[in-house]
Amino acid sequence: MKRGTRSAVHGRIACAAVCVALTLPLTLPAAAVEFTPHGRVHLDYGAHDDDVAPMHDGFLLRRARLGFDAKFDADWSAEIAYDFVDAHDDGFHAGFKDVVLRYEGWKAADLSVGQFKLPFGLEALMSSNNSSFAEPALPTNAFAPSRRLGIGAHATRPRHTLAAMAFGPSIDGDDTGLGVAARLTATPIAADGHRLHLGIAAVAEWPHDPVKFSAWPESRVPDVKFVKTASLDHVRRIDRIGLEAAWQSGPVLVQAEWMRAALDRNQGDADAVLTGGYVAASWIVTGEARTYRNGVFKSVPIGRPEGTVELTARFSRVDLDDGSVRGGTEDNLTVGLVYYANRHLRLIANAIKVNSARRGKTDDPNLLVIRMQLAF
């Protein structure tokens, strides 16, 4: 099936899922349905000290998303979100993000069907509204799969969570193939303002098209990627694994992840193993502690009239070189400041030092990205 045909099919699937979610309230009393709209606008400004690749300073509308949550009764709910500037490798296009119907009436686990995030990665599962940085770390961007159409289950217990998903392509057709994913987290320490989070996740995927791996330099404004593989043919299977750990002590949070993607190729092409990891730390100067729920760190409580301040730092690395695959290596060092004015407005400033090498050539620029975020 050609790509265009697949995209049309995926679009019809998405429309069908939306119609199902929207018609469910018709079977229930009007007073029983609760609709909650939500949206976000992320506006970035970037300034750059170029090294080799030319980069232009300026503004970027990173996200402009609108959607709603629907609560039909105690067991059934749905979420639909549409992004008007969804980012792709070939530019920015509008597209659906979450289109999901959930059933929470089974005691063993909550069930979901539609398009939603794969259970992989501590940072990847955090909302962009709550992240301490403007963009995810290099390995998260390179290896963590995004949203796909599928069916999943999520079980939450006081000290651990378990999530699993069987998935197919994405609605927009950019991601194809079939796969399964699972994530297990544990909090062996969770008392007196201290929390230890541990997690492991795995994804097995059988792609239908050639694949490629790349990473944005933790800013989308320059529209430049310093590490990227060529389009890789004859990839029979991709096995991803992710390890995660975090320690929270009141307003201080330190977290780290390591990720690996193993490519099983046929027709004479050599296999490859690509890796990456990061360590990040944040300190909420005003003393608040970031909330935690269902195996993921959530928002920062905002209670002060003068707002809340957070200081951040992160080191990340990705290695896309192995055998005949020559995507390059990159190390980033980021320091940042986050100001939470209130529940709806925050400002992020990240200064990023990039050190990259690809096919024998280096490119080591300095980046500054400032984000204004409005959300409701």
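None of these values were measured; they are calculated from a predicted model. (Residues numbered from 1 in each chain as written. Predicted model: local features only at pLDDT ≥ 70, side-chain atom pairs only at ≥ 80, totals over all residues. Heavy atoms only, no water.)

Colleague: Kindly report on the overall build of the chain, identifying the contributing residues and their values.
Modeller: Secondary structure assignment for the chain yields two helices and 21 strands. By the burial criterion, 47% of the 376 residues in the chain qualify as buried. Put simply, of all contacts in the chain between residues at least 6 apart along the chain, 61% involve residues at least 24 apart. Within the structure as shown, the chain displays about 17,100 Å² of accessible surface, and the carbon and sulfur contribution to it stands at 61%. (Helix = DSSP H or I, 4+ residues; strand = E, 2+ residues; numbered from the N terminus. Buried < 20%, exposed > 50% of the residue type's maximum accessible area, 1.4 Å probe, protein only. Contact = heavy atoms within 4.5 Å. Areas by Shrake-Rupley, 256 points an atom, 1.4 Å probe, with all protein chains shown as cover.)

Colleague: Give a detailed account of the side chain of R290, specifying residues and quantitative values.
Modeller: As for its placement among the helices and strands, R290 is situated in the loop between strand 14 (272–284) and strand 15 (292–293). Of note is the side chain of R290, whose polar atom sits 2.8 Å from the side chain of S132. Within the local environment of R290, its side chain forms a polar contact with the side chain of E310, the two groups lying 3.3 Å apart. (Polar contact = N/O pair within 3.5 Å; in protein donor to acceptor, adjacent residues only side chain to side chain.)

Colleague: Break down the packing of aromatic side chains for me, with residues and values.
Modeller: All chains considered together, the criterion is met by seven aromatic pairs. On the basis of an interplanar angle of 70° and a centroid distance of 5.0 Å, the ring pair of Y82 and F84 is categorised as edge-to-face. Note on F84: relative accessible area 49%, which makes it partly exposed. Overall, the relative accessible area of 27% leaves Y82 in the partly exposed class. Feature note: the residues Y82, F84 and F96 constitute an aromatic cluster, connected by ring pairs. The cationic tip of R314 hangs over the ring face of F133; the distance from NZ or CZ to the ring centre is 4.1 Å. (Phe/Tyr/Trp six-rings, centres within 6.5 Å; stacked < 30°, edge-to-face > 60°. Lys NZ or Arg CZ within 6 Å of the ring centre and 35° of its normal.)

Colleague: Quick one: what's the story with unusual backbone geometry, residue by residue and with numbers?
Modeller: The phi dihedral of E218 is positive, around 65°, even though this residue is not glycine. In this structure, R359 is a non-glycine residue whose phi angle is positive, near 55°. Position of R359 among the secondary structure elements: in the loop between strand 19 (345–358) and strand 20 (361–363). A residue is classified by how much of its surface remains accessible, and R359, at 53% relative accessible area, is exposed.

Colleague: So what about a negative patch on the surface? Which residues, and what values?
Modeller: Taken together, D49, D50, D51 and D57 make up a surface patch of like negative charges. Residue placement: D50 occurs in the loop between strand 1 (34–49) and strand 2 (58–71). (Patch = residues over 30% accessible without salt bridge, like charges linked within 9 Å, V, L, I, M, F, W, Y side chains within 5 Å. Salt bridge = Lys/Arg side-chain N within 4 Å of Asp/Glu carboxyl O. Lys, Arg positive; Asp, Glu negative; His and termini not counted. Charge placed at Lys NZ, Arg CZ, Asp CG, Glu CD.)

Colleague: Explain a nonpolar patch on the surface to me, using residue names and the numbers behind them.
Modeller: A contiguous nonpolar surface patch, about 540 Å² in accessible area, is contributed by V252, V254, V279, W283, V285, L311 and L337. Mapped onto the elements, V279 comes out in strand 14.

Colleague: Let's hear about the pattern of salt bridges: which residues, and what values?
Modeller: By the definition in use, this model includes 20 salt bridges. A salt bridge links R62 to E135; the shortest N-O distance between them is 2.6 Å. Of the two residues, R62 sits in strand 2 while E135 sits in the loop between strand 5 (110–117) and helix 2 (138–143), which places them 73 residues apart along the sequence. Look at R62 and you get buried, because its relative accessible area is 6%. On the basis of relative accessibility, which here comes to 5%, the residue E135 falls in the buried class. Residues R304 and E306 are paired through a salt bridge, measuring 3.6 Å at the closest nitrogen-oxygen approach.

What is shown is where atoms sit, not what they do.
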